[in-house]
Every structure is written in structure tokens, then in C-alpha cells.
Amino acid sequence: MRYMFLKRYNPAYDFFLIQYFREGGIEFDENTTFDEADQRELFSIGLTSMTPHEKLFCSYVRSWRMHPEARPSYYELFDKAIGGSGSPDAKRLLRLESNKTQRNGKLVFSEREAAVSISEFYRKFLRNPLKMELERGGGGKDVTKFFSMEELRPLLEVRQIADEEEKEKLRNGIAKHLLEWFSSITPEKVEADIQRILREHEEADEHMKLLPDDPTAKERSWSCRHASECVEIDFFQQFGSNSQSIFLKPSRGFRISDYVEEPGRNDIVFPWYLVVRTEWQAEGDIPRARKAQESVRYS
């Protein structure tokens, strides 16, 4: 089984969102500012009838309102703009990617490309900031924002018996050990973890749990999680359906951007991927498939 990867947040989606809005008669392009779009959305309040284009535009602007400095290029908005069903079609996305009139980014990524992105996230948002914190002698409680519950547990165990000097020494020791681990994360290591976890899921028999337990619940789904030190993958399958939703993300750091950049940017900077099963059998088939779509376009 081979897989392809789609980013949950991807600026390349905006090209198609702009195209969709303009097809619906909405004046909107890459130069439209948030303030301009926001005023248009505010005028829609109270309207009892809107077209699908107008409804999606309002959802787009409301999402944009959370972070005016970055357009809300989320997969769930993009999927509606291209008439998707919520379940990604990798081949269709490659066709869309090759047919764009502006070359402004990929829609579909390989396992290797996802691993590089996740490795870069660890370096930029975890390793480098922690290293700077230690080098400037910050230490103390400032370093605990990089800790998971596993690193915090030793501190909690001694919080009533250790003095401040002992606590600081323990915190800094844990931080230095964590920095070594962050520094060891490479694209190769992440890629190996992704491959192992996907293989674990494929080879495990009847390990998914049906939730909620209540058999009378209207919506139930099978789910499981496979994790390594670097990444985790969640699998969901609606009860009675054969299709699965698969999500890949780093095993830590979802809210680290609150400290490294500004609060609330986690949806933008956190490398969250939708994982799509494909019929292709080799990693090199993704660029080959992309090239094939391009050759059809220019033939």
C-alpha cells in the first residue's frame, strides 16, 4: 500500500478559492485585503438567501478573521470550492495541480516531502527556540513550555520536596536532554517512523475500536492511533463505510507557536497532513504521476 499526503493548511489552495469566488460573481483576488473582505462579509449578516459561493465566501472570511495576517487556506474550504466530497481524490488533485495557470505550490506531497516538513517544524519551532533559551541562560520555568507530560512528570514528583535551586537544575537537565533529542530528528528518521506506523496499522488485525460504546448513537466510527516519538497517525472509519480518514502530525508541539510566534497560529504552522491511499506502488510514482498530468496538459 502506498500513500500520498495533503496539507491541512496550504497557501496553494487559495488559487482555487479565488477562482471559485470569482465564478460566483464575487469580486475577490490575491490582492484583496482582509479589511475589504471583512466589510463584504459583514453586509451578509441577516441575509436569508445566499448562493453556495456566497456561503463559502462568508466561511472563508470568518476563518480569516482569526488571523488577518494569513489567508485561511484550509483543506476543508478548498474541498468545497472544487466540489469535493470530503474524501480526497489524489489523482484529481494532481490534475488540478498541473492545470493551474499560476505555479504557486503543490497540492499533493510524497511521504518524503511530508517527512522533510515535519523535521523542519521540529527544528524551527522546538529545537532552535529551546537552544536559544538555554544559551541565553533563561532556563527555569521558561523551558517547560517545550516539555510534554513525560518531561513534566519528574518535576511534579518533587514539587513539594525540592527547593528552587534543585528544581531549576532538574528542569535544565531535562531541557538539555530534550535538545539533544530534537537535534537528532532528521527527515530520514521521520520518514522511517511514518513507514513503520502505516505498516503497523496495515498488518494489525481487528485493532480499531468502535466509538462511542452506545450502540444507539446516531454516528459511530472505528478509530485507532499509532504513534512514535516523532509522529502520530490517527485512523477513522465511519461505521458501515469502507473509506478511512487518516491524519498525520508531529507527536508534540501543536501549541508551541503560541510561545514562539503568537497565540493561535497553530492551525497555520503545525504540519497536519491528510493521508490518502493510492494505487501507485513506489515513492517515485508521485513525481512521475505529476509529470504525466503535465504532459497531458501540454500535448
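The model shown is predicted, which means the values in this text are computed figures rather than measured ones.

Procedures and definitions
Every chain begins its residue count from 1, and numbering advances along the sequence as written. Only residues with pLDDT of at least 70 get local features here, since the model is predicted, and only at 80 or more are side-chain atom pairs given and counted; chain-wide, interface and lining totals rely on the full set of residues. To obtain the side-chain values, all non-hydrogen atoms of the structure were used and water was disregarded. Patch building starts from residues that exceed 30% relative accessible area and form no salt bridge, then joins like charges within 9 Å and nonpolar side chains (Val, Leu, Ile, Met, Phe, Trp, Tyr) within 5 Å. Here the accessible surface of atoms and residues is derived via Shrake-Rupley with a 1.4 Å probe, and residues count as covered only by protein chains that are part of the display. Salt bridge criterion: a side-chain nitrogen from Lys or Arg within 4 Å of a carboxyl oxygen from Asp or Glu. Neither His nor the chain ends is counted toward charge; the positive residues are Lys and Arg and the negative residues Asp and Glu. Charged groups are reduced to one reference atom each: NZ for lysine, CZ for arginine, CG for aspartic acid, CD for glutamic acid. We count a stretch as a helix when DSSP gives it H or I for four or more residues in a row; a strand needs E for two or more, and each element gets its number in order from the N terminus. Throughout, a residue-residue contact means that at least one pair of heavy atoms, one from each residue, lies within 4.5 Å. Note on definitions: the grid is 1 Å and covers protein atoms alone; a cavity is a set of points where a 1.4 Å probe fits but cannot get out; a pocket is an open set with protein on both sides within 12 Å along at least five of seven lines; lining residues have an atom within 4 Å of a point. Grid points are joined across faces, edges and corners, and a volume is the space filled by probe spheres set on the points. Three classes are used: nonpolar for Ala, Val, Leu, Ile, Met, Phe, Trp, Tyr, Cys and Pro, charged for Asp, Glu, Lys and Arg, and polar for all others, with Gly counted as polar. Only buried residues count toward a nonpolar core, which is a set of Ala, Val, Leu, Ile, Met, Phe, Trp, Tyr and Cys residues joined through side-chain atoms within 4.5 Å. For each residue, the accessible area found with a 1.4 Å probe, counting protein chains only, is set against the maximum for its type, and the residue is called buried under 20%, exposed over 50%, and partly exposed in between. Following DSSP output, two strands are said to pair if at least two bridges run between them. Lines fitted to C-alpha atoms define the axes here, with helix axes fitted over just the stretch in contact, and angles between the N-to-C directions of these axes take values from 0 to 180 degrees.

**Quick word on a negative patch on the surface**
Then, in step 1: A grouping of Asp163, Glu165, Glu166 and Glu168 is seen on the molecular surface, where their side chains present a negatively charged patch.
Then, in step 2: Structurally, Glu165 is set in helix 8 (residues 164-184).

**Quick look at the side chain of Glu232**
Then, in step 1: Along the chain, Glu232 turns up in strand 4 (residues 231-238).
Then, in step 2: Non-local contacts of Glu232, meaning those with residues more than four positions away in its chain, are made with Arg225, His226, Ala227, Phe247, Leu248, Lys249, Pro250 and Ser251.

**Remarks on the layout of surface pockets**
Then, in step 1: Within this model, the largest pocket holds a volume of roughly 360 Å³.
Then, in step 2: Along its surface, the largest pocket is lined by 17 residues, and Ser87, Pro88, Gln244, Ser245 and Ile246 are the ones closest to its centre.
Then, in step 3: Class assignment for the residues of the lining of the largest pocket results in eight nonpolar, eight polar and one charged.

**Examining unusual backbone geometry**
Then, in step 1: In this structure, the amide linkage connecting Leu211 to the following residue, Pro212, adopts the cis form with an omega of -10°.
Then, in step 2: Here Pro212 is to be found in the loop between strand 2 (209-211) and strand 3 (221-227).
Then, in step 3: Positive phi outside glycine occurs at Glu206, with the angle close to 45°.
Then, in step 4: Along the chain, the position of Glu206 falls in the loop between helix 9 (187-203) and strand 2.

**Quick look at the nonpolar core**
Then, in step 1: In this structure, Phe5, Phe21, Phe28 and Leu248 are the most contacted members of the largest nonpolar core, which totals 58 residues.
Then, in step 2: Counting residues per element, this core draws most heavily on helix 6 (residues 111-135), which supplies eight residues.
Then, in step 3: Leaving out residues up to four positions away in the same chain, Phe28 has contacts with Ile18, Phe21, Arg22, Ala37, Arg40, Phe57, Tyr60, Trp64 and Arg71.
Then, in step 4: One finds Met4, Phe78, Ile82 and Leu96 within the second-largest nonpolar core, a separate group that totals 17 residues.

**What to know about the sheet that holds strand 1 (residues 2-7)**
Picture the strands of a sheet paired through backbone hydrogen bonds; they go either parallel or antiparallel.
Then, in step 1: Pairing in this open sheet of six strands is antiparallel, and the strands run 1-6-5-4-3-2 from one edge to the other. Lying at the two open borders of the sheet, with one neighbouring strand each, are strand 1 and strand 2. Shown here is a sheet whose adjacent strand axes are inclined to one another by a mean of 30°, direction ignored.
Then, in step 2: Where strand 1 lies against strand 6 (residues 273-278), six bridges are found, and the strand directions are antiparallel. Across the sheet, the residue bridging to Leu6 is Leu274, located in strand 6.
Then, in step 3: Helix-sheet contacts for helix 9 involve strand 1, strand 3, strand 4, strand 5 (244-250) and strand 6, and the interaxial angle to strand 4 is about 30°.

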